[in-house]
Amino acid sequence: MTAPVPPGTARLLTVCVASVGGLLFGYGIGVIAGVLRLVAETFALSSWQQGAVVSAALLGAALTALTSGRPADRFGRRPVIGAAAAVYALGTAVSAAASDSTALLAGRFLVGLALGATSFAVPLYISEISPPAQRGALVTLNQLMITVGLLLSYVVAYLLEPAGAWRWMLALGLLPACVLLAGMCLVPESPDWLHTRGDAARAASAARRLSLPDPGGPADSPGDRPETHPGARVRTHQRASPGVRPATATATRPAAGRAVSLRQACALAGPRWVALGLAIAVLVHLTGLNTAIYYVPTILGGSGVTAAGGILGAVLVGLCNVAATIVTIALLDRVGRRKTMIGGLLVMAVAAVGIAVAQPFGLTGAPTAALLCFFIMAGAVGPAAVFWVYIAEIYPAGARGVLMSLATAAHWATDFVVATTFLPLVQELSLGGAFGVYATISAASALALSRWMPETRGRLLL
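Residues numbered from 1 in each chain as written. Predicted model: local features only at pLDDT ≥ 70, side-chain atom pairs only at ≥ 80, totals over all residues. Heavy atoms only, no water.

This part is about the overall build of the protein chain. Along the backbone of the protein chain there are 19 helices and zero strands. Counting across all 462 residues of the protein chain, residues that qualify as buried make up 58%. A separation of at least 24 residues holds for 83% of the contacts in the protein chain among residues at least 6 apart in sequence. Of the roughly 17,700 Å² of accessible surface on the protein chain, 68% is carried by carbon and sulfur atoms. (Helix = DSSP H or I, 4+ residues; strand = E, 2+ residues; numbered from the N terminus. Buried < 20%, exposed > 50% of the residue type's maximum accessible area, 1.4 Å probe, protein only. Contact = heavy atoms within 4.5 Å. Areas by Shrake-Rupley, 256 points an atom, 1.4 Å probe, with all protein chains shown as cover.)

Spelled out as structure tokens, the structure:
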């Protein structure tokens, strides 16, 4: 006799399949750390050109993040993720076969187009198939897979860097792309999206398959599905954040089956929540978090560590990043989004101050590596994880795809600017000066969010 399948197993497997998009993302942005020195030597790149190689993918990500919301709302979450996997595979092949820096930039730009779509569509999809009590952990599973992808890229770089095999480092990204493309053909579409499109039968079928309530059925209790968007009020058993007066949505929800324009989406969510989502999207990268990840070997090399030691340091940083994200999965649904975000930013500020102070006193090498590890770990626990969960929770269903797309575009546009200017900034201010700037931004962000960021833990998506 076959043992019964525990409820929620199909949902967990679906989340795991979708989270391969996170692995794809992590490997795609992390592999450049190991490749950068080798391609700089191969193609004789200047510091600005090296910044362009790093940032080409980020520019592509910003463009598709901005434009993928409408397709995701019109055609569904699965087709967008599957198409992104195919484009990623193409860009990876072009990058690995590049005969000059122009071809390399073109391939990385294509990779970025794919990353921009997956970076918002995967968390959006997972958030819509997750029960409220588990949403933080399940969406953060995607963030965990991003850190695993980063770690894998560092390990691959460590193994292949001595042979100068940068083409193989890039080409290995084809594996997760193929897995994700195949997996998206097997999982169900988001029941919430099907419901907003007016397909009640398919929505109910997908919900049953994922062990979720029928999105078109009655709520569990009168207070479970408030009449306004998630940002409109704090749960009845939870106090609002100090100084925060919740807003109410006054726009009428669009008819089922019709995608909304950006203006309609902003009206539906309310300007306060659109602005909050954009602010958080931008500050995550203004802290220098992803820049630290992209340039780990370069930062450590500037602190007196050899090239091989820099990549080994990147592997250790990657391990710390994975460990921190595992902690986040346990914390996010218990401690909440607000405390996790603010606490992470404050620790980042302290670590960045440490890096800034260490440089003029000659405390380079191991002390810088340890402080960089704390900086990235704090970012993994706080801003990096909270951002994707939070923007899925503050926007109503009719506007979620469009506004998450807008926030993700701002996210990657900021990353493009910060990553492109990092090496010139270090040349102008020194490594310590650059991290002094990041420390100031992190501390100021924590202060601002303590005033304006309400808690969203446990809310049902609308």
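Anyway, onward from the coordinates.
Residue position: leucine 45 is located in the loop between helix H1 (9–43) and helix H2 (47–67). Considering only alpha carbons, one finds leucine 45 and serine 101, 56 residues apart in sequence, at a separation of 8.3 Å. The residues contacting leucine 45, other than those within four sequence positions of it, are Val39, Ala40, Gln50, Val53 and Ser101.

A separate point is the nonpolar core. Among the nonpolar cores identified, the biggest contains 132 residues, and Ile280, Leu372, Trp412, Phe435 and Leu449 are the most heavily contacted of them. The greatest single-element share of this core, amounting to 20 residues, is contributed by helix H19 (residues 397–452). Those residues within four positions of isoleucine 280 in sequence are excluded, and the remaining contacts are Met341, Phe387, Tyr390, Leu449 and Met453. (Core = buried A, V, L, I, M, F, W, Y, C linked by side-chain atoms within 4.5 Å.)

Across all of its chains, the model carries nine salt bridges by this definition. With a closest N to O distance of 2.7 Å, glutamate 41 and arginine 37 form a salt bridge. Separated by four residues within a single helix, glutamate 41 and arginine 37 lie in helix H1, roughly one turn from each other. Exposure remark for glutamate 41: the relative accessible area of 54% places this residue in the exposed category. For arginine 37, a relative accessible area of 35% translates into the label partly exposed. The shortest N-O distance in the salt bridge between aspartate 73 and arginine 77 comes to 2.9 Å. The buried category is assigned to aspartate 73, whose relative accessible area is 9%. Taking the relative accessible area as the measure of exposure, arginine 77 reaches 2% and is therefore buried. (Salt bridge = Lys/Arg side-chain N within 4 Å of Asp/Glu carboxyl O.)

A few words on unusual backbone geometry. With a phi close to 60 degrees, serine 211 is a non-glycine residue in the positive phi region. As for its placement among the helices and strands, serine 211 is situated in the loop between helix H10 (200–209) and helix H11 (262–269). The phi dihedral of serine 430 is positive, around 85 degrees, even though this residue is not glycine.

In total, this model carries five aromatic pairs according to the counting rule given. Seen in terms of ring centroids, phenylalanine 25 and tryptophan 412 are 5.1 Å apart; in terms of plane orientation they differ by 45 degrees. Their pairing is tilted. One end of the pair, phenylalanine 25, is in helix H1; the other, tryptophan 412, is in helix H19, with 387 residues separating them in the sequence. Tryptophan 412 shares its class with phenylalanine 25; the two are buried. Ring geometry for phenylalanine 435 and tyrosine 438: centres 5.5 Å apart, planes at 85 degrees, overall edge-to-face. With phenylalanine 435 and tyrosine 438 both in helix H19 and three residues apart, the pair spans about one turn of that helix. Taken together through their ring pairs, the aromatic side chains of Phe375, Phe435 and Tyr438 make up a single cluster. One cation-aromatic arrangement involves arginine 272 over tryptophan 273; the distance from NZ or CZ to the ring centre is 4.3 Å. When the ring centre of tryptophan 452 is taken as origin, the NZ or CZ atom of arginine 451, which lies over that ring, is 4.2 Å away. (Phe/Tyr/Trp six-rings, centres within 6.5 Å; stacked < 30°, edge-to-face > 60°. Lys NZ or Arg CZ within 6 Å of the ring centre and 35° of its normal.)

The end-to-end C-alpha distance of H2, which contains 21 residues, comes to 31 Å, matching closely the 30 Å that a straight helix rising 1.5 Å per residue would cover. Maximum bend of H2: about 40 degrees, positioned at serine 55. (Expected span 1.5 Å × (residues − 1). Bend = angle between axes of the 7 residues up to and from the residue.)

Among the surface-exposed residues, Val155, Tyr158, Leu159, Leu312, Leu316 and Leu319 lie close enough to one another that they form a single nonpolar patch of about 540 Å² accessible area. For valine 155, the location among the structural elements is in helix H6 (residues 135–160). Owing to a relative accessible area of 32%, valine 155 belongs among the partly exposed residues under this scheme. (Patch = residues over 30% accessible without salt bridge, like charges linked within 9 Å, V, L, I, M, F, W, Y side chains within 5 Å.)

You can see arginine 108 is positioned in helix H5 (residues 101–128). Here arginine 108 is buried and forms no salt bridge, its nearest opposite-charge partner aspartate 415 lying at an N-O distance of 9.6 Å. Not counting the four nearest positions on each side in its chain, arginine 108 is found in contact with Gly28, Ile29, Val31, Ile32, Val53, Ala56, Ala57, Ser95 and Leu170. (Lys, Arg positive; Asp, Glu negative; His and termini not counted.)

So, on to the packing of H1 against H2. A pair of packed helices is characterised by two quantities: the angle between their axes and the separation of those axes. At a closest axis distance of 11 Å, the pairing of H1 and H2 adopts a crossing angle of 145 degrees. The two elements H1 and H2 meet at a crossing, and its hand is right-handed. From H1, Ile32, Leu36 and Ala40 reach across to H2, where they touch Gln50, Val53 and Val54. A per-class count over the contact of H1 with H2 returns five nonpolar, one polar and no charged. (Axes fitted to C-alpha atoms, helices over the stretch in contact; angles between N-to-C directions. Left-handed = near helix turned anticlockwise from the far one by under 90°. Nonpolar A, V, L, I, M, F, W, Y, C, P; charged D, E, K, R; others polar.)

This next bit is on the confidence of the model for the protein chain. Of the residues in the protein chain, 86% reach a pLDDT of 70 or more, and the chain-wide mean stands at 83. Low pLDDT, under 50, characterises residues 219–253; the predicted model gives this stretch 65 contacts beyond four residues in sequence or across chains. (pLDDT = per-residue confidence, 0-100.)

It is worth spelling out the side chain of glutamine 50 at this point. The topology assignment puts glutamine 50 in helix H2. Not counting the four nearest positions on each side in its chain, glutamine 50 is found in contact with Leu36, Ala40, Leu45 and Leu423.

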